[in-house]
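Geometric and topological summary
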Amino acid sequence: SIAAGFQRLLQDTRSEHPSEINAVSRFNVFQELLVGILYRMASMLWPAKLNMCHFYSTSCFVLNGLGLGALGLTAARLGHGLLPLIACGGMFSSTLSPRLGSRVIEGFCLREAWACPLLWVSLFFATLLLQEGVQKARTSLYFGYGVSTLLFLMFWQFAPFALSTEATALFAVYIVGYDVKPLLRRMFGVLLLAYGTNLLLQFGSILLLMSMFLHISLAITVVLFLPFPRHPGLVVRVVEGVLAVSIFVGQRLALEKLATGDSHVFQMLKAKMNLVEPDFDSRLYLMGEGVEFNFLGSGSQGQLMLQYITDSYVFHLLAAAAVCIAVGTLHDLIRGASPKKAKVEDASPEPVPDAVAAAGLRKRGGKKDSTASKPMQPKPSAAVNEYQYFDARPEFAFHAIQSGLFWSLAYFVARLRVLALPHSCVLVGCLCSVGSLEHMLRMRGKLVVLLHLVIGLALCGFTWTARIPFDDIDLEEADFAFPNVLRLTKWMNENLPMSAVVVSDMTISAQIRVGTDLSTVLHPHYEHIDVRERVQQWYALSACPPSHHVQSMALSYGAEYIALNLFRCSGAGGENGPFRLTDYIGNFTHRCAPDTDAMSRFCMLGRIDSRYFEPVYQNAEYAVLKVKRQKDSKALIGRSPKKHDLYNASLWKPLLDSCKPYDEQCGLDLVDFGRSWIDRYKNSKMADVVYKEALRRRPDDPLVLKHYAEYVDFDLQDLQSAIPYYEKALEAAKSNPEVVTFAERTRWTTDWAIVLDQELQESREAMSLMTGLAKEILHHPDIRTQARRDLPDAGRICTVAHFLHAKSPKSRELAKKVWKLAKGIRPNMKCIRENWEEFEGRPRTVGTIVAEFLFAP
């Protein structure tokens, strides 16, 4: 039930075993909770018709669509027209290259993918409030502003950082000279109310209590309510700003020892700027090229990312918008007030005599003064006439400052471009508005309006034609269901008790946490000092701790199994890789000597140390060790394994024996293990041992036969010896549809037919094989479902069509039928794109690409 699920979140023993934590307080899981409730309700209406994963990702996509709509509406509201909205959409489309303006295009429903759309909604309401002012702003606007801010806070642990920039931008609008203090008092009241509500919903999370946003907002709110003059001058405003900064700094210094939740972020920033020596936490964030957490444009991948952004022309157009906004803001500040204020100050009525100042006073003789109640007519003012068309626009100044702060965040942490890029599209859209340009440039007249209109239309068209990433839209869909992870979690579900506890690194712990019911010791949420200490401790798996130390650590957490991520045992990344990171772990006895290779580290030697561990599972990427109880350990028998022992096949026998006859995926895991010896460790001798052992144990397994044939063909360069294994694999696949799906067998058959045709020169046999396969494809009842589930196999259906069409005119009708089927399954496959003109008789147009992207299956 929903209540039982919520109770499990409040008493979570699976995420940080053996500790019991409040997951609602520790993590940002409200989106999963809400989507889960919606899924339960939808399942009642449409039982057995909804896929849980599809429902989750679709909910994320819908929310992002709403967020994009809020961006467009913000641009339309700023620019008072539709052109800014259209231009904003075009500019956003130009940033849709993978991992730029929105990572959701890749299928990543990360925290920011859920939260950013709500930030855009919040900024939309902030814009409306700044436009309406304190006197006109309706309660509904404050309500919308508060609710969207609350949801933003609930969905992302980094939300307080982003809101810190919003609070700063709002206060800066007042400091530079706009008369918005009464409005800001209410807006900051709403912000603090939303923050307090989130604090209650997350049960007083210490991370929220110590956040910068709370301290910034409190400091600004205190200053806003201090008895400064109602219309202060520049000097007084500067004093208010300095006072707010002083209060904020005082809070941070007073609470410095308690603010440990986000201390690693500041440590990373200081390390990047060479202000301090890097520690484990900062090195962890910058591992590899660290492109997401490094400076924007740092490293080869970062430079490529920056080039993508530059190619979208967002920097050029944003600079033009900034200049225009600066001109308009300067005009506002020189005038010192909005027109409404000018009418009050510059065209004020004549002063009322003291004797008749109050309407209720009577003159001598008891008669009421008939002139006292009559309002005085204001005198005309030249200043009002001059600026009668131009109201002050604090919302422009707010968005300009906000954009600058977002780009500052993005520069220091490249991942935060997901804040800066979409927001920049709003300001770029305003360049296409006649009203915005009139305000910013302070020019008016028929010719000026016409000129502005021409510029607006030109810029609007430019945003949609400069760089829409059709090449990226046209890419084949990515499959993030990594097969080795799926096989690992499947094996765990089938072979480990539900009460088992597994310890691993952060990333694999997250996969195990999602894909099984097992408990884990670690998780990827790094904003707690206890978790950071655990992560550092368990990075010893890639270092050189004694085996009995690892055993003791595992048992101290109640962990019965250790899952090894073999990528972290490959030496990948060089100076910025996991091996270099282990030089920073706190336990010096677990560090390796300089230049220690993979073969001398625990992640390799621990797998054959039978004194303390029993290997129970292995595939190309992951290994699982069962931790022996101390009373079962043979600590005094034998010696610690050394590097040369890894090449002793007898020491791997316990792992090979763990392959059970009833386990359908075991054969594939073994040959993948053999493959890893070649690809990762460049050791063909051990690979040969493992491949032959897999074939001996599973002689009729189609997966083993296929991989062994490829090993003999490509690695041993002996095609003739591989032919019997290829043929036997195809025959075994036909009789084992539960092991090899028809879509996968289609791929195997096309690969073998191409070998027959091109390398063995047996074109007739290849043609016969492909013709028979094409007929099977057309009559198979479940081919569409299987092909859509297996992306690489779907492309082979198109390959069959192309082969038949190219080889024989007699088979072209059959080829066209297969082509039509393939196009209906995946219209953006590489094979479809390459052979489009051959089958369709016309080029593949941009309109076709967009239509397929929007409406194709």
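One can find the structure itself at the top, above this paragraph.
Structural notes, computed from the coordinates. (Residues numbered from 1 in each chain as written. Predicted model: local features only at pLDDT ≥ 70, side-chain atom pairs only at ≥ 80, totals over all residues. Heavy atoms only, no water.)

1. As for helix H5 (residues 82-93)
For the record, the criterion: Secondary structure counts use DSSP, requiring at least four H or I residues in a row for a helix and at least two E residues in a row for a strand, with both numbered from the N terminus. The span expected for a helix works out to 1.5 Å for each residue beyond the first. A simple rule labels every residue: compare its accessible area, found with a 1.4 Å probe on the protein chains alone, to the largest value its type can have, and call it buried under 20%, exposed over 50%, or partly exposed in between.
Across its 12 residues, H5 extends 17 Å between first and last C-alpha, which sits within 8% of the 16 Å expected from 1.5 Å per residue. Of all the positions in H5, only Pro-84, Ala-87, Cys-88, Gly-89, Gly-90, Met-91, Phe-92 and Ser-93 are classed as buried.

2. Some thoughts on the pattern of salt bridges
For side chains of opposite charge, pairing can occur when their charged atoms come near one another. Short version of the rule: A carboxyl oxygen of Asp or Glu within 4 Å of a side-chain nitrogen of Lys or Arg is what we treat as a salt bridge.
The tally for this structure, following the rule as stated, stands at 34 salt bridges. Note that Asp-701 is salt-bridged to Arg-698, the shortest N-O span being 3.8 Å. Under the relative-accessibility criterion, Asp-701 is labelled buried at 8%. One network of salt bridges, in which partners are shared, links Lys-653, Asp-657, Glu-693, Arg-696 and Arg-697.

3. Describing the pairing of strand S5 (residues 622-627)
Here is the rule we go by: Pairing between two strands requires that DSSP report at least two bridges joining them.
S5 sits mainly inside the fold: five of its six residues count as buried. The sheet contact formed by strand S3 (residues 561-565) and S5 spans five bridges and is antiparallel. Counted as the bridge partner of Ile-562 is Leu-625 from S5. Taken together, the five bridges between strand S4 (residues 613-618) and S5 define a ladder with antiparallel strand orientation. In the sheet register, Glu-614 faces S5, and the bridge partner there is Lys-626. The hairpin formed by S4 and S5 contains three residues between the paired strands.

4. Side note on the packing of aromatic side chains
Definition in use: Side-chain rings of Phe, Tyr and Trp, where Trp is taken by its six-membered ring, are said to pair if the distance between their centres is within 6.5 Å; with planes under 30 degrees apart they count as stacked, over 60 as edge-to-face, and otherwise as tilted. Should the NZ of a Lys or the CZ of an Arg lie within 6 Å of a ring centre and within 35 degrees of the ring normal, that charge is described as sitting over the ring.
Under the definition given, this model contains 34 aromatic pairs. Judged by centre distance (4.2 Å) and plane angle (15°), the rings of Tyr-691 and Tyr-711 are stacked. Placement of the pair is Tyr-691 in helix H32 (residues 684-697) and Tyr-711 in helix H33 (residues 702-715), with a sequence separation of 20 residues. By relative accessible area, Tyr-691 is classed as buried at 1%. Here the aromatic residues Phe-152, Trp-156, Phe-158, Phe-161 and Phe-266 are joined through ring pairs into a cluster of three or more. Between Arg-185 and the ring centre of Phe-225, over which it is positioned, the NZ or CZ distance is 5.2 Å. When the ring centre of Phe-295 is taken as reference, the NZ or CZ atom of Lys-272 above it lies at 4.6 Å.

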